[in-house]
Every structure is written in C-alpha cells, then in structure tokens.
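Listed below are the residues making up each chain.
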Amino acid sequence: MENQVQNKWYNKTALVVLLLIVFFPVGLYALWKNEKLHVAVKAIVTAVVVLFVVGVITADDGTNSASQPTEGVSAEAEKKESEDITWEYDSVHNAMDDNITYYAKVEAMDVMEFQPPYDGGVTSHLIVGNKNKKNYVMLKISQGQFMAPINTTIRVKFDKEEPRTYHISEPADMSMDAVFISEEKDFIKRLKSAELTYVECEFFNEGTRMLRFPTKGFVWEH
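Digging into helix H5 (residues 184–191)
Thinking step 1. Along H5, the positions that sit buried rather than exposed are Phe187, Ile188 and Leu191. Projected down its long axis, H5 carries its buried residues within an arc of 95 degrees, all on one side. The exposed set on the far side of H5, more than 90 degrees from its buried face, consists of Lys185 and Lys189.
Thinking step 2. Those residues of H5 that are buried are in contact with strand E5 (124–131), strand E6 (134–141), strand E7 (153–158), strand E8 (164–169), strand E9 (178–181) and strand E10 (196–203).

Structure follows, in structure tokens:
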C-alpha cells in the first residue's frame with residue numbers, strides 16, 4: 001500500500017515543486033492531492049503562490065496604465081518639470097540698419113510625438129520679440145507643420161482665466177513650422193502675470209494639441 005502511495009505522480013514532492021514553478025494551476029492541484037505533505041504546508045505554499053500571481057498582475061496593470069497618454073494632453077512623448085525650464089533672453093545687432101532685435105523665448109513642457117517623417121519628438125517654443133521697435137509673439141516647433149493659418153485661430157489660457165481666442169498668421173517666408181500670434185500687446189500684458197500658459201493649436205495631419213509653457217517670471221521692457 002505504501003508503494004502505491006509513493007508511485008502516484010502527485011505524491012512525488014519534486015514533481016509537485018516543478019509543476020508549481022512551470023505551471024502553477026496543475027502544481028496547486030497536485031499539491032492538495034499530495035498525501036504526504038501536511039495541510040499546513042499546503043496552505044502556506046498556496047498563499048505564497050497566490051500572492052506572487054496577484055503581484056505580477058498588479059505590476060502589469062500599473063505598467064499599462066502608465067503608458068497611456070494623460071487625459072487632456074494630446075500624445076506627448078514626454079513632460080518636463082516646469083522648474084527646469086526658464087526664459088532665455090538675447091539680442092541681435094543689425095549692422096546694416098544699426099538697430100537691435102530683442103527676443104525672449106521659453107520651451108514647452110510637453111514634447112509632442114508626430115507621425116513620420118516628423119517622429120522622434122517635437123519641441124515647441126513661445127517667442128516674444130521686438131524688431132524695428134515693434135513687438136511680436138511667435139510659436140515655433142522643431143519639426144512638423146501648423147495648419148495653414150489663413151483665417152485660423154488658436155486658444156490660449158493664462159493660468160486659471162477663461163480661454164481666449166487669438167488669430168494667427170504665417171511668416172513672410174511662408175514657412176509652416178512657425179506662426180505669429182495677433183493682438184501681441186494684449187498677449188504680452190497677460191503673459192507678464194501668468195505662471196502657466198496653455199496654448200491649443202492645430203497641426204497638419206496631427207489634429208489639435210495642447211501645449212503648456214511655464215511663463216512665470218517673464219520680464220519685457222520693450
């Protein structure tokens with residue numbers, strides 16, 4: 001009788017352990033059918049296996065959830081911390097006209113991902129400039145195209161204010177990676193007091209995206 005117990009496959013402890021590792025459902029079945037192991041051992045092993053499986057499932061769900069785009073922000077490949085981004089100021093002297101062009105620019109916190117051939121990450125800059133003693137405001141992207149700005153508007157939100165609509169126009173060289181924002185006087189005035197500026201605009205073949213610019217500390221004396 002003892003030999004018959006020993007010969008049953010689920011009474012072979014080494015086989016039960018192997019099945020628990022490679023195919024735990026069958027391993028658990030064999031564990032509880034095993035006539036040699038104490039019930040307390042069976043309970044402990046079962047609890048360990050269940051905790052391990054739950055941990056693997058939870059970790060997998062967390063990974064999948066983290067890979068999803070943040071609601072309200074369109075397909076950014078990356079988000080930068082606002083503390084790491086500051087305004088850059090510079091000026092260029094035009095020897096021909098003997099005047100100086102001033103500008104300030106800040107990079108968006110969000111790096112967009114476009115379809116080929118513009119894949120690999122698209123950065124954006126909000127630029128305020130003064131050329132020939134006239135201010136302008138520009139949006140510029142590292143690659144890709146804005147929608148043709150003829151009769152086109154964008155929406156801008158300064159901190160928690162209600163979104164405002166501004167018209168945009170294309171540069172004189174007809175390039176599609178930059179647009180000028182109208183009503184620059186009003187825009188600059190609001191920019192000076194805004195810590196975070198949201199810009200919503202449309203891109204060719206990419207739809208409407210929202211960009212966040214950390215505009216705190218903007219100083220403009222021109």
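There's plenty left to go through after this.
Section: unusual backbone geometry
Peptide bonds are mostly trans, and most non-glycine residues show a negative phi.
Thinking step 1. Omega for the bond connecting Pro116 with Pro117 falls within 30 degrees of zero, at 10 degrees, which places this linkage in the cis form.
Thinking step 2. Within the secondary structure layout, Pro117 lies in the loop between strand E4 (110–112) and E5.
Thinking step 3. Residue Met174 is not a glycine yet carries a positive backbone phi of 65 degrees.
Thinking step 4. According to the relative accessible area criterion, Met174 is exposed, its value standing at 53%.

Conventions adopted
Residues numbered from 1 in each chain as written. Predicted model: local features only at pLDDT ≥ 70, side-chain atom pairs only at ≥ 80, totals over all residues. Heavy atoms only, no water. Buried < 20%, exposed > 50% of the residue type's maximum accessible area, 1.4 Å probe, protein only. Helix = DSSP H or I, 4+ residues; strand = E, 2+ residues; numbered from the N terminus. Arc of directions from axis to C-beta. Contact = heavy atoms within 4.5 Å.

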